[in-house]
Amino acid sequence: MNTNSIEYAKKLLEENNLVAIPTETVYGLAANAFSEEAIKKIYTTKGRPSNNPLIVHISSKEKLGDIAINIPAEAHKLAQHFWPGPLTLVLEKNPEILNLVTSGKNTVGIRVPNHPTTLELLNKLSFPIVAPSANKSNHISPTSPQHVRESLSENTPYILDGGECLNGIESTIVGFRNNQPFIYRLGAISIDDIETALGKKVNVYHNEKQSPLSPGMFKKHYSPKIPLILSSDVETSIRANSHLNIGLLTFKAETISGKNITKYSLSKNGDLKEAAKNLYKGLYELESKKVDLIIAEKMPNHGLGLSINDRLTRASHK
Ligand code: TXA
Ligand code: MG
């Protein structure tokens, strides 16, 4: 079947079916945001817990008022600056938004994805779509159609092929508490870029012990099927595990080698943007090599390095 038919994807969504869609961050598993029947399919296909709310994807900032109310001025500023793009805003929900979308919360996550195929699809639809990442719950996010098939296997829906995702890591989520912005999830936009856009410091919201604001902030998440350790000293970690087949995920090109080591370097020249783009690709690749253990090198703690370390830390949780 044709793998890039926007018309066919539109028809499927109108009939309350799911479609895997490309975005600039990761592939999404899309459904009509106003159809309970369609949204239930997302939860069953992913095996997603019902307390994890979904992000509503809209075609432009002009549609924001259909989804959210009482929007803070700084949210408008961020939307103006980053949309279409990898920013999700968590705002007070319009009463019309289904509880199934927000897991009963009075807030809703919203973004305008920056991918020409998906923007064209959204422009043709008469409704917004909800789209979590198109992977089994807790597994690594897909950045290509092949990854979607690997993660969802027999439950894979029609995939609208938009090539490889350019950012390769999920959107940065910004929410508001008492009108103050907080970063709920680190992602494709660095904290520095959010702060520059707002002209002020913005804190990361930590709330691990109680019910997390963003279940994407659960300690264990985004995990490959193989145990992973995050290491600031890969040589020592390799020595300690020399009896195992090791998948070595490094930042830059790596000179260490050995019969038992399969290497994947995220960015030969040490570029954090490129490393973020390749993060999930590298993890899918090492997973497919059936190594016993993935040793991931800790990234520098700045810019997108913080977002990558966040995902690797969650991937390493038992
Ligand atoms: O880049 C992305 O955001 C991708 C692409 C497909 O758009 N989507 C994505 O969706 O990562 P998902 O469902 O895998 O992650 C959405 C995150 C979850 O951690 C969820 O808890 C959080 O967004 N979220 C959604 N609505 C929320 C809300 N009202 N309050 C707090 N967190 C919310
Ligand atoms: Mg996800």
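Summary of the structure given here. All figures in this text were calculated on a predicted structure; none of them were measured in a lab.

Overview of the packing of helix α1 (residues 6-14) against helix α6 (residues 116-124)
Packing of α1 against α6 brings their axes to within 10 Å, and their N-to-C directions diverge by 50 degrees. The pairing of α1 with α6 is recorded here as oblique in orientation. α1 and α6 meet at a crossing whose hand is right-handed. Between α1 and α6, the residues in contact are Ile 6, Glu 7, Ala 9, Lys 10 and Leu 13 and Thr 117, Glu 120, Leu 121 and Lys 124, respectively. In the contact of α1 with α6, the residues fall into four nonpolar, one polar and four charged.

Quick word on the side chain of His 139
Structurally, His 139 is set in the loop between β6 (129-130) and α7 (145-152). Accessibility expressed as a relative area gives 6% for His 139, which makes it buried. Of the polar contacts made by the side chain of His 139, one reaches the side chain of Ser 151; its length is 2.7 Å. Separated by 3.0 Å, the side chains of His 139 and Glu 287 make a polar contact.

Details of the side chain of Glu 170
Of note, Glu 170 is situated in the loop between β7 (158-159) and β8 (172-177). Polar side-chain contacts of Glu 170 include one of 2.4 Å to the side chain of Ser 141. A polar contact of 2.9 Å, which involves the side chain of Glu 170, links it to the side chain of Tyr 280. With sequence-adjacent residues up to four places away left out, Glu 170 is seen in contact with Thr 25, Val 26, Ser 141, Arg 185, Gly 187, Ala 188, Tyr 222, Tyr 280 and Arg 311.

A word on the sheet that holds strand β4 (residues 87-92)
Pairing is mixed across the open sheet formed by ten strands, whose spatial order is β7-β1-β2-β6-β3-β5-β4-β8-β9-β10. With one partner strand each, in any of the chains shown, β7 and β10 (203-204) form the two edges of the open sheet. Strand direction decides the pairing type here: β8 and strand β9 (residues 180-185), joined by five bridges, are antiparallel. When the bridges of β9 are listed, Val 174 appears paired with Ile 183. Where helix α8 (residues 191-198) meets the sheet, it contacts β4, β8, β9 and β10, and its direction lies at approximately 160 degrees from that of β9.

Section: the environment of Gly 187
As for its placement among the helices and strands, Gly 187 is situated in the loop between β9 and α8. In this structure the C-alpha to C-alpha distance between Gly 187 and Pro 72, which are 115 residues apart in sequence, comes to 21 Å. Beyond its immediate sequence surroundings of up to four residues, Gly 187 is in contact with Ile 169, Glu 170, Ser 171, Thr 172, Leu 304, Ser 307 and Arg 311.

Considerations on the packing of helix α10 (residues 272-288) against helix α11 (residues 304-316)
The interhelical angle for the contact between α10 and α11, taken along N-to-C directions, is 25 degrees, at an axis separation of 9 Å. One element, α10, and the other, α11, form an angle in the roughly parallel class. Viewed along their axes, α10 and α11 form a crossing whose handedness is left-handed. Note on element contacts: α11 touches α10 through Leu 304, Gly 305, Ile 308, Arg 311 and Leu 312, opposite Leu 272, Lys 273, Ala 275, Ala 276, Leu 279 and Tyr 280.

Description of the pairing of β9
For a regular strand, side chains alternate in direction, first toward one face of the sheet and then toward the other. Most of β9 is tucked away: five of the six residues are buried. In this antiparallel pair of consecutive strands, β8 and β9, the connection spans two residues, and Asn 178 shows a positive phi of 50 degrees. Where β9 lies against β10, two bridges are found, and the strand directions are parallel. Bridged to Ile 183 within β10 is Val 204. Regarding topology, α8 serves as the crossover connection from β9 to the parallel β10, and that connection is right-handed.

Structural notes on α7
Among the residues making up α7, those that are buried are Pro 145, His 147, Val 148, Ser 151 and Leu 152. Buried residues in α7, looked at end-on, bunch into an arc of 155 degrees, giving them a common side. Structurally, α7 contributes buried residues whose contacts are with β1 (19-21), β2 (28-32), α2 (36-46), β7 and α10. After α7 finishes, the residue Ser 153 shows a positive phi value of roughly 35 degrees.

Parameters and conventions
- Residues numbered from 1 in each chain as written.
- Chains lettered and ligands numbered in written order.
- Predicted model: local features only at pLDDT ≥ 70, side-chain atom pairs only at ≥ 80, totals over all residues.
- Heavy atoms only, no water.
- Axes fitted to C-alpha atoms, helices over the stretch in contact; angles between N-to-C directions.
- Helix = DSSP H or I, 4+ residues; strand = E, 2+ residues; numbered from the N terminus.
- Parallel < 35°, antiparallel > 145°, perpendicular 65-115°, else oblique.
- Left-handed = near helix turned anticlockwise from the far one by under 90°.
- Contact = heavy atoms within 4.5 Å.
- Nonpolar A, V, L, I, M, F, W, Y, C, P; charged D, E, K, R; others polar.
- Buried < 20%, exposed > 50% of the residue type's maximum accessible area, 1.4 Å probe, protein only.
- Polar contact = N/O pair within 3.5 Å; in protein donor to acceptor, adjacent residues only side chain to side chain.
- Pairing = 2+ DSSP bridges.
- Right-handed = clockwise from strand over helix to strand, strands pointing away.
- Arc of directions from axis to C-beta.

Take it as geometry only, folks, not as evidence of what the structure does.
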